[in-house]
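# Understanding the architecture of this molecule
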Amino acid sequence: MVLCPECDAEIDVDEGDVDEGDSLSCDECGTELKVISLSPLELATEEDEEDDEEEDSLDDDDDEDEEDEEDEDWK
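Residues numbered from 1 in each chain as written. Predicted model: local features only at pLDDT ≥ 70, side-chain atom pairs only at ≥ 80, totals over all residues. Heavy atoms only, no water.

Scanning all chains against the criterion turns up zero disulfides. Cys7 supplies the cysteine sulfur nearest to Cys26, a cysteine that is in no disulfide, at a spacing of 3.7 Å. For Cys29, which is in no disulfide, the shortest distance to another cysteine sulfur is to Cys7 and amounts to 3.7 Å. (Disulfide = S-S within 2.5 Å.)

Residues Glu10, Asp12, Asp14, Glu15 and Asp17 make up a contiguous surface patch of negative charge. In this fold, Glu15 is placed in the loop between β2 (10–11) and β3 (23–25). (Patch = residues over 30% accessible without salt bridge, like charges linked within 9 Å, V, L, I, M, F, W, Y side chains within 5 Å. Areas by Shrake-Rupley, 256 points an atom, 1.4 Å probe, with all protein chains shown as cover. Salt bridge = Lys/Arg side-chain N within 4 Å of Asp/Glu carboxyl O. Lys, Arg positive; Asp, Glu negative; His and termini not counted. Charge placed at Lys NZ, Arg CZ, Asp CG, Glu CD. Helix = DSSP H or I, 4+ residues; strand = E, 2+ residues; numbered from the N terminus.)

Another point: the nonpolar core. Within soluble globular proteins, side chains that are nonpolar tend to cluster in buried spots. Counting residues in each nonpolar core, the largest one holds twelve residues, listed as Val2, Cys4, Ala9, Ile11, Val13, Val18, Leu24, Cys26, Leu33, Val35, Leu41 and Leu43. Breaking this core down by element, the ones donating at least two residues are β4 (32–38) and β5 (41–45). Residues contacting Leu41, with those up to four places away along its chain left out, are Val2, Val13, Glu15, Val18 and Val35. (Core = buried A, V, L, I, M, F, W, Y, C linked by side-chain atoms within 4.5 Å. Buried < 20%, exposed > 50% of the residue type's maximum accessible area, 1.4 Å probe, protein only. Contact = heavy atoms within 4.5 Å.)

Dropping the structure here:
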């Protein structure tokens, strides 16, 4: 049993029947959810997952900018 991160409804999920990355939907609110962890079982909305990926991408770009600035200092 796990709670929907959107509406807090209980979702009956057998941990043995899902893998990390699997998608399912909440019967109460219809939100598309993704399994992000198996132990403990955690769900996130598909939108949350996309936001996290965008943030990771932006963080990578920031690291590259800092490296470029360091290279310019050495020239």
